[in-house]
Each structure stands twice: as C-alpha cells, then as structure tokens.
Amino acid sequence: MESALNGMRRELVTSVARDMYGGEEPRRQLIEPPFQLESHRYQTLQAADWIAGLVGRLGSIWKEPEARPENVVFRRYFERRLTRYQVRSRVRD
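Thresholds, definitions, all that
Residues numbered from 1 in each chain as written. Predicted model: local features only at pLDDT ≥ 70, side-chain atom pairs only at ≥ 80, totals over all residues. Heavy atoms only, no water. Helix = DSSP H or I, 4+ residues; strand = E, 2+ residues; numbered from the N terminus. Expected span 1.5 Å × (residues − 1). Bend = angle between axes of the 7 residues up to and from the residue. Salt bridge = Lys/Arg side-chain N within 4 Å of Asp/Glu carboxyl O. Buried < 20%, exposed > 50% of the residue type's maximum accessible area, 1.4 Å probe, protein only.

Draft legend 1. How the structure looks around helix H3 (residues 72-85). Between its first and last C-alpha, H3 extends 20 Å over 14 residues, near the 20 Å set by a 1.5 Å rise per residue. Remark: the principal bend of H3, roughly 60°, maps to Phe-78.

Structure follows, in structure tokens:
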C-alpha cells in the first residue's frame, strides 16, 4: 500500500511541476512546486538542506564547543565563508 501511495505522490508532484512550468501561463516566480518535497528530486531543496545542516553544526560549535567536538571541522572550512555573507543572523548571541 505504501509503495502505491509513493507512486501516486510521485506522479502528482511530476504533474504539478509540468503544469506549473509549462502550458499557456507558466508560473515562473515559483522555484519548486508547492508540496512537501524530497530533496533528492530538487537541487534547490537539496542545497537548502545542506546549508541548514551546516548552519546548525556551526551554531552548535558557537554555543557549546565542548558538546560536539566533531563539528570543529565545519568551523575550519565554512565559518569564514558563512559569516562573510550573513546579513542579520544573531545565532551566536
């Protein structure tokens, strides 16, 4: 039953995407179809998942460095880049 539902959902999401981007009046302002989506199907969502995970790991290091020492590697490689482009984040306060 579950695989049938997954198949129906997959067909529905594909159909919505076709309608959204094709046809006489495509919805060009939308990035992805308005559904709860799987990141393996949409690169923009996958990028957002990765960024959220990165920010979460950095936030963990900023707040409690001793709690998760394995996250130090994210600080080493990504902290400078992330803080260079942040606008109003107060995650470290």
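Now, onward.
Draft legend 2. How the structure looks around the pattern of salt bridges. What the rule picks out here adds up to two salt bridges. Glu-70 serves as the salt-bridge partner of Arg-68, at 3.8 Å between the closest nitrogen and oxygen. A relative accessible area of 45% means that Arg-68 is categorised as partly exposed. Glu-79 serves as the salt-bridge partner of Arg-75, at 3.1 Å between the closest nitrogen and oxygen. Taken together, the positions of Arg-75 and Glu-79, both in helix H3 and four residues apart, correspond to about one turn of that helix.

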